[in-house]
Amino acid sequence: MTAATLFIVATPIGQYDDLSPRAVRVLSEADHVLAEDTRRTGQLLAQVGVKASLVAVHEHNEQQRVQQVLAWLQQGKSLALVSDAGTPLISDPGFVLVRAVRAAGFSVSAIPGPCALIAALSISGLPTDRFLFEGFLPVKSAARVQRLQAVSKESATLVYYESRHRILDTLASMIEVMGADRQMILARELTKTYEQILQGSLAEVSQQLQQNAEWKRGEMVLVLEGHRQTEEQSLSAEQQLWVKALAQALPPSQAAQIMAQVMGGKKRSWYQMLEEMR
Ligand code: SAM
């Protein structure tokens, strides 16, 4: 194994089998395994028969561990960083360490694997070409609404981590800021025995959760459709004036035909827009 390297090792989010063979090799050969919770990582390693020197690195002591980690790398040791589940640094500790190790000129190498946000996105049926991961929303309602307002016109798919205690409040804030109709999926307990995917509009999923307390349990990822621009919103002010003038002067079908010819797009969607404007 490469010496003087910090390996960032992804671990399962529910199934021990999802730990890759390469991850097992790196964890067994590392001089020290830096773990968010040594007891939890100890259980995972016991499952795969790995004995390791475990060192606690969590959000409260990460900064203090930096010097020790740099000293080990200086001695040519190889280190592996894991979090409780999934990919370290993704809403988990590790950023402070990785930044310091890179700045000191040592190599950082990824052993990729499970990540709840990617798993949820990949099965969401929502566009994946552009997405924005927003992590956890603030707990306080005013701050949460503010964060949602900042992305309410974002057209990329939005991905959030959420706790079962706050999911209903979060859905209520989303409805307040983005309207009740946006499509979403709520991916619960991914890869675990009671994995469940709820799908529908924000209002529908919120209603389903209120009706079934069971569904508010476990870990969850929320994937939300991005803002959809209507053709009217994407027109310039001048184009909007032309559209309004045509709509007043001609029957909708004729006006839609002209607009499709001049501005492109489908006659049907222009027709719909004109009907809405009348
Ligand atoms: N680093 C992790 C990753 O790569 O996904 C995420 C850690 S973050 C502290 C924990 C959050 O991830 C949970 O509150 C939940 O939102 C999400 N999560 C983790 N495991 C999950 C699972 N099996 N199913 C659904 N969501 C999960």
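Each chain has its residues counted from 1, running along the sequence as written. It should be noted that, the model being predicted, local features are given only for residues of pLDDT at least 70 and side-chain atom pairs only at 80 or more, the latter also being counted only at that level, while totals for whole chains, interfaces and linings use all residues. Side-chain measures here rest on the full set of heavy atoms in the structure, leaving out hydrogens and waters.

In this section: the site of the ligand. Lining the immediate surroundings of the ligand are 19 residues, of which Thr87, Asp92, Ala116, Tyr161 and Met220 lie closest. In this structure, isoleucine 13 approaches the ligand through a main-chain N or O atom, which is 3.0 Å from a nitrogen atom. Side-chain atoms alone can form a polar contact between residues adjacent in sequence; in general such a contact is a pair of N or O atoms within 3.5 Å, and within protein one must be able to donate a hydrogen while the other accepts it. Residue alanine 116 places a main-chain N or O atom 2.8 Å away from an oxygen atom belonging to the ligand. When isolated, the ligand has an accessible area of 580 Å², and the protein chains bury 90% of it. Elements represented by at least two residues in the shell around the ligand include exactly strand E7 (157–162) and strand E10 (220–224). Here a residue counts as near a molecule or strand whenever at least one of its heavy atoms sits within 4 Å of it. Areas reported as accessible are Shrake-Rupley estimates using a 1.4 Å probe. Residue values count occlusion only from the protein chains shown. Helix and strand labels come from DSSP, where a helix needs a run of H or I of at least four residues and a strand needs a run of E of at least two; each type is numbered from the N terminus.

Bringing the pairing of strand E4 (residues 79–82) into the picture now. Only protein chains enter the area calculation, which uses a 1.4 Å probe; residues under 20% of their type maximum are buried, those over 50% are exposed, and those in between are partly exposed. Judged by which residues are buried, E4 turns out to be covered on both faces: Leu79 and Leu81 on one side and Ala80 and Val82 on the other are all buried. In this scheme, strands are said to pair when DSSP sees at least two bridges between them. Pairing analysis gives 3 bridges linking strand E1 (residues 5–9) to E4, with the strands arranged parallel. Bridge pairing in E4 places isoleucine 8 opposite leucine 81. Across 4 bridges, strand E2 (residues 32–35) lies against E4 in parallel orientation. Opposite alanine 35, over in E4, you have valine 82 as the bridge partner.

The geometry of a pair of packed helices is captured by two quantities: the angle between their axes and the separation between those axes. At their nearest, the axes of helix H6 (residues 141–150) and helix H7 (residues 167–178) sit 9 Å apart, and the two run at 45° to each other. The orientation of H6 relative to H7 falls into the category oblique. For the pair H6 and H7, the crossing hand works out as right-handed. Counting all contacts with H6, which are made through Arg144, Val145, Leu148 and Gln149, the residues of H7 involved are Asp169, Thr170, Ser173, Met174, Glu176, Val177 and Met178. Each residue gets one of three labels, nonpolar for Ala, Val, Leu, Ile, Met, Phe, Trp, Tyr, Cys and Pro, charged for Asp, Glu, Lys and Arg, and polar for the others, Gly among them. For the contact of H6 with H7, a count of residues per class yields 5 nonpolar, 3 polar and 3 charged. Only the stretch in contact is used when fitting a helix axis, every axis being a line fitted to C-alpha atoms; angles between N-to-C directions are given from 0 to 180 degrees. Note that the term roughly parallel is reserved for angles under 35 degrees, roughly antiparallel for angles over 145, roughly perpendicular for angles of 65 to 115, and oblique for everything else. The handedness criterion is simple: a crossing whose near helix is rotated anticlockwise from the far helix by less than a right angle is left-handed, and one whose near helix is rotated clockwise is right-handed. In what follows, a contact means two residues having at least one pair of non-hydrogen atoms within 4.5 Å.

With that settled, the discussion passes to H7. For a helix, the expected span equals 1.5 Å multiplied by the residue count minus one. If you check H7, its first and last C-alpha atoms are 16 Å apart, about what 12 residues at 1.5 Å a residue would give, namely 16 Å. Considered for burial, the residues of H7 that qualify are Ile167, Thr170, Leu171, Ser173, Met174 and Met178. Considered in projection along H7, the buried side chains sweep an arc of 160° and stay on one side of the axis. Buried residues belonging to H7 abut H6, E7, strand E8 (183–188), helix H8 (202–211) and E10. Directly beyond the C-terminal end of H7, a positive phi value near 90° is found at glycine 179. Our arc is simply the arc of the directions from the helix axis toward the C-beta atoms.

Counting along an α-helix, one turn takes 3.6 residues, and residues three or four places apart therefore face a common direction. By the burial criterion, the buried members of H6 are Arg144, Val145 and Leu148. In a view along the axis of H6, the buried residues occupy a sector of 95°, so they form one face of it. Among the exposed residues of H6, those oriented more than 90 degrees off its buried face are Ala142, Gln146 and Ala150. For H6, the secondary structure elements touched by its buried residues are E7 and H7.

Moving on, we come to the packing of aromatic side chains. Here the distance between the centres and the angle between the planes together describe a pair of aromatic rings. Each aromatic pair joins two rings of Phe, Tyr and Trp (for Trp, the six-membered one) with centres within 6.5 Å, and gets the label stacked for planes under 30 degrees apart, edge-to-face for over 60, and tilted for any other angle. Scanning the model with the defined rule gives 2 aromatic pairs in all. With centroids separated by 4.9 Å and ring planes inclined at 70°, the aromatic side chains of phenylalanine 133 and tyrosine 161 adopt a geometry described as edge-to-face. Taken together, the residues phenylalanine 133 in strand E6 (residues 131–136) and tyrosine 161 in strand E7 connect sequence positions 28 residues apart.

Read across the sheet, 5 strands follow the order E3-E2-E4-E1-E5 without closing on themselves; strand pairing throughout is parallel. The sheet is open, and its two borders are formed by strand E3 (54–56) and strand E5 (107–111), each paired with just one other strand. Taken over all neighbouring pairs, the strand axes of this sheet differ in orientation by 25° on average, direction set aside. Where E1 meets E5, 5 bridges bridge the pair, whose relative direction is parallel. Paired with threonine 5 across the two strands is serine 107, which belongs to E5. Lying over the sheet, helix H2 (residues 38–47) contacts E2, E3 and E4, oriented at roughly 155° with respect to E3.

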